[in-house]
Amino acid sequence: ALELADIEMRGKRFAVASELLKRMTPDATGNPTLVDQAAYRIAVCEYEQGQFATAADRFTRFIKSSPKSPQIVSATALCGEALVKAGQPAAAIAHLRRVTEDFPDDAACGAALLRLGETFATLQRWPESRQAFADYMERFGSSELAFQAQFGSGWAEENQGRLAEA
C-alpha cells in the first residue's frame, strides 16, 4: 500500500494516495514504522491538495508522535508552510524557527529562513524579519535566492523608518 501510494503521489493523484494510506492503521500493518510513514504521506497529500489547515494539524501530530523520524525536518518545514498558507503565520513561526535552529545543515534551512523573514514581515515584526533575512545572507548569501533576502531586508529597514539602510 505504501509503495502504491508513492506511485500515486508521483503521479500527482494525491486523493487516491491518501485513501490508500489511510488504510494503513496499526492493526492493519502491525508495523509502527509503516504507520508513521503513512501518516507523514497523508499530511503531504493534504498539503498538495490545498487542505492547509488539515495538513498542518496532521503534521503537528506527526511531529509530536514521531520526533525521531527521518521525515521530521520535512514535516516541520511543511507544517510551517501549511500554517502560513492557512492564514496562521504566528503559529508557523515556531516550526520555521525549529528548522533553522535545530537543523541548520539540512537543505530545508535556507527556504525556512526566507519564509521566516516573510512571515515576520506579514506580522509586521520588522526587526525579526530583518534578522531572519540577515541570517540568510550570512549563511546563503551566494545562493540564487539571495536577492529575496536582500529585498526583504530592505523592506524591513524601510518599515522601521531607516531609509538610508534600506
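Note that the structure is a prediction, hence the values are computed from the model and not measured.

**Focus: the pattern of salt bridges**
Counted according to the given criterion, the structure contains eleven salt bridges. Within the structure, one salt-bridge network assembled from shared partners comprises Glu 81, Arg 115 and Glu 118.

**Brief notes about helix α6 (residues 72–85)**
Its 14 residues place the ends of α6 20 Å apart at the C-alpha level, agreeing with the 20 Å of an ideal helix rising 1.5 Å per residue. Within α6, ten of the 14 residues are buried, which leaves the element mostly enclosed by the surrounding structure. Here α6 has its buried residues at Ile 72, Val 73, Ala 75, Thr 76, Cys 79, Gly 80, Glu 81, Ala 82, Leu 83 and Val 84. Against α4 (32–48), α5 (52–65), α7 (89–102) and α8 (108–122) lie the buried residues of α6. Where α6 ends, the next residue or the one after it, Gly 87, has phi of about 80 degrees, a positive value.

**What to know about the packing of aromatic side chains**
Aromatic rings in a pair are described by how distant their centres are and how their planes are angled relative to each other. This structure, assessed with the given rule, holds five aromatic pairs. Look at Trp 126 and Trp 155: their rings are 5.2 Å apart centre to centre, the planes differ by 70 degrees, and that puts the pair in the edge-to-face class. Placement of the pair is Trp 126 in helix α9 (residues 126–140) and Trp 155 in helix α10 (residues 146–159), with a sequence separation of 29 residues. Residue Trp 126 is classed as buried on the basis of its relative accessible area, which comes to 11%. Aromatic pair Tyr 136 and Phe 140: ring centres 5.2 Å apart, planes at 40 degrees, arrangement tilted.

About the thresholds
Residues numbered from 1 in each chain as written. Predicted model: local features only at pLDDT ≥ 70, side-chain atom pairs only at ≥ 80, totals over all residues. Heavy atoms only, no water. Salt bridge = Lys/Arg side-chain N within 4 Å of Asp/Glu carboxyl O. Helix = DSSP H or I, 4+ residues; strand = E, 2+ residues; numbered from the N terminus. Expected span 1.5 Å × (residues − 1). Buried < 20%, exposed > 50% of the residue type's maximum accessible area, 1.4 Å probe, protein only. Contact = heavy atoms within 4.5 Å. Phe/Tyr/Trp six-rings, centres within 6.5 Å; stacked < 30°, edge-to-face > 60°.

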